[in-house]
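Chain by chain, the residues:
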Amino acid sequence: MAISQAMLNKRLIPVVLAVLCLAPLSASALVGGAGVADNSVTSPWAGVGSLSVGGGLFTGTLIAPGYVLTAAHVVAGAAAGSVSFQLNAGSSYTVAASDIYINPSYTGNTAGNVAGDPTNHNDLAIIRLSGAVGSNIPFYNLYSGNLQGADLNFVSYAGSTTAKTTGENIADVLYTNAAGTNKTYIFDFDGPNQSTNVMGGGTLGANREASLVNGDSGSAAFVSVNGQWQLAGINTFEATFAGRSTTPGTYGTGGGGVVLAGYSPWINSVITAPVPEPESANLLLLGLAVLGGAVHRRKSARVS
C-alpha cells in the first residue's frame, strides 16, 4: 500500500530520534532476536564482520571484494589507520583499512529533509581494505526492491569481535527525499501484545523480533530474495516515540536506517573506480618531484 506524505506527517511527526553515536558500547548487540549466530564459513552472514574504529567496535558488511559498507557517522573524521575489519568465518583475521569514502551528501543533520522526516539521510560510508579477504568469504548484492513492509534480518557485532547477533523486524514506514526516492526506513519494537505497538502490524514473536541499541551503528539489514540474502539497509539510528518508553531497546521504541537501493549509483561508483598500483603511484610522485626540481632550477636561473 502506498503511503502518502499526509500519512507520514500524521504518524511520524511525534517521533524523536537519537542517532546511534560513538559512545561506550555494551558487550552484546541487538535487543531480542535469535541471539548469537554461528561464526563459520558456511554461515550466510560470513561476510559481515566486526569493524574497529579508534578502539570502538561496530559492524561492516562486504559489498565487493575488498570493500565494506557501514554508517558514515561511525567513521566520519577517523583516519584510515585507525580502522580495521575483522572476520570470524571459521578462523579470525583482521584486515586494515586503506581508504574511507563518506557519502558526499552526508551532513550529520536533517537539513533538506522532506516535512515530517527527522532522520539523518545519506549516513553511509565505504571502507576500502588494504588487503584481500578469503576467497570463500561472500560479499552481498544490494537489494533493489521496495522495502515497505519487508522482513528485515539484522546482523550486528556491536561491542564485540566475536559475538555476531541476529534478529528481525518489519520496515514499517519509508521516508523519501524531495525527488521521491526512498532514503530511510523506520520500525517499532513490538512486545508480546498490542499495548506496545506504535506503527501498526503485529509482533514477529520471541526469538525473531529485535531492535537496536547503542553500538548497533553500521549493522546490516538483509532481505531474502529467492533464497539469496541481499543487503537492503544499514542501521543508523534508535527511535523513541512521543508518549512511549524513552529507554532504548525496550518495547515501544524502535530504530531504522538507510535504504541502500537509492544509493546504488554512488556505491557502484566507489567500488568500480580504478585503484592505482603502488608502483604507478610511486612513479607519479617521482615524476612530480623531478618536475618540481626542474621548475625550481629554472626560476633560480632567471633570478640570477
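This structure is a prediction, so every number in the text was calculated from the model and none was measured. (Residues numbered from 1 in each chain as written. Predicted model: local features only at pLDDT ≥ 70, side-chain atom pairs only at ≥ 80, totals over all residues. Heavy atoms only, no water.)

Engineer: Help me out: how do you make sense of the nonpolar core in this one?
Structural biologist: In a soluble, globular protein the nonpolar side chains are often hidden away together inside. Within the largest apolar cluster, 42 residues are counted, with the highest numbers of intra-cluster contacts made by Leu69 and Leu231. Not counting the four nearest positions on each side in its chain, Leu231 is found in contact with Thr61, Ile63, Leu69, Tyr140, Asn141, Leu142, Tyr143, Ala220, Ala221, Phe222 and Leu260. Grouped together as the second largest cluster of nonpolar side chains are 16 residues, Tyr143, Ala150, Tyr185 and Val223 included. (Core = buried A, V, L, I, M, F, W, Y, C linked by side-chain atoms within 4.5 Å. Buried < 20%, exposed > 50% of the residue type's maximum accessible area, 1.4 Å probe, protein only. Contact = heavy atoms within 4.5 Å.)

Engineer: Any chance you could explain the pattern of salt bridges here in plain terms?
Structural biologist: Pairs can form between side chains of opposite charge once their charged atoms are near each other. As enumerated under the stated definition, the model contains three salt bridges in all. With its nearest N and O atoms 2.2 Å apart, the salt bridge here joins Arg128 to Asp99. Placement of Arg128 in strand 9 (residues 125-129) and of Asp99 in strand 8 (residues 91-102) is noted, with a sequence separation of 29 residues between them. For Arg128, a relative accessible area of 17% translates into the label buried. Ionic pairing is found between Arg208 and Glu168, a salt bridge with its closest N-O pair at 3.0 Å. Taken together, the residues Arg208 in the loop between strand 13 (182-188) and strand 14 (210-211) and Glu168 in strand 11 (residues 165-170) connect sequence positions 40 residues apart. Glu168 gets classed as buried once you look at its relative accessible area, which sits at 13%. (Salt bridge = Lys/Arg side-chain N within 4 Å of Asp/Glu carboxyl O. Helix = DSSP H or I, 4+ residues; strand = E, 2+ residues; numbered from the N terminus.)

Engineer: Help me out: how do you make sense of the pairing of strand 16 (residues 228-241) in this one?
Structural biologist: For a regular strand, side-chain orientation follows a simple rule: the groups alternate between the two sheet faces. Burial within strand 16 is extensive, with 12 of its 14 residues counted as buried. As paired strands, strand 15 (residues 220-225) and strand 16 are joined by six bridges and run antiparallel to one another. Considered in strand 16, the bridge of Ser224 is made with Trp229. Linking strand 15 back to strand 16 in an antiparallel pair, the connection comprises two residues, with Asn226 at a positive phi of about 50°. Both strand 16 and strand 17 (residues 254-259) contribute to a ladder of six bridges, which runs antiparallel. Note that in strand 17 the partner of Asn235 across the bridge is Gly257. (Pairing = 2+ DSSP bridges.)

Engineer: Hey, could you run me through unusual backbone geometry in this one?
Structural biologist: With glycine set apart, most residues show a phi of negative sign, and most peptide bonds adopt trans. Even without a glycine there, the phi angle at Asn122 is positive, about 65°. Relative to the assigned elements, Asn122 resides in the loop between strand 8 and strand 9. Backbone geometry at Asn207 places phi at a positive 70°, although glycine is not the residue there. As for its position among the elements, Asn207 is in the loop between strand 13 and strand 14.

Engineer: Would you explain the environment of Leu62 in this entry?
Structural biologist: If you trace the backbone, Leu62 turns up in strand 5 (residues 56-64). Relative accessible area serves as the criterion here: at 1%, Leu62 is assigned to the buried category. Considering only alpha carbons, one finds Leu62 and Asn141, 79 residues apart in sequence, at a separation of 9.2 Å. Once residues lying within four places of it in the same chain are set aside, the contact partners of Leu62 are Gly47, Tyr67, Val68, Phe85, Leu87, Leu129, Val133, Ile137, Pro138, Phe139 and Tyr140.

Engineer: What exactly am I supposed to notice about the environment of Leu30 here?
Structural biologist: With respect to the helices and strands, Leu30 occurs in the loop between strand 1 (15-19) and strand 2 (31-32). In this structure Leu30 comes out as buried when scored by relative accessible area, which is 8%. Along the primary structure Leu30 and Thr165 are separated by 135 residues, whereas in three dimensions their C-alpha atoms are 6.8 Å apart. Residues in contact with Leu30, not counting those within four places in the same chain, are Phe154, Ser156, Thr165, Thr166, Gly167, Ser211, Leu212, Val213 and Asp216.

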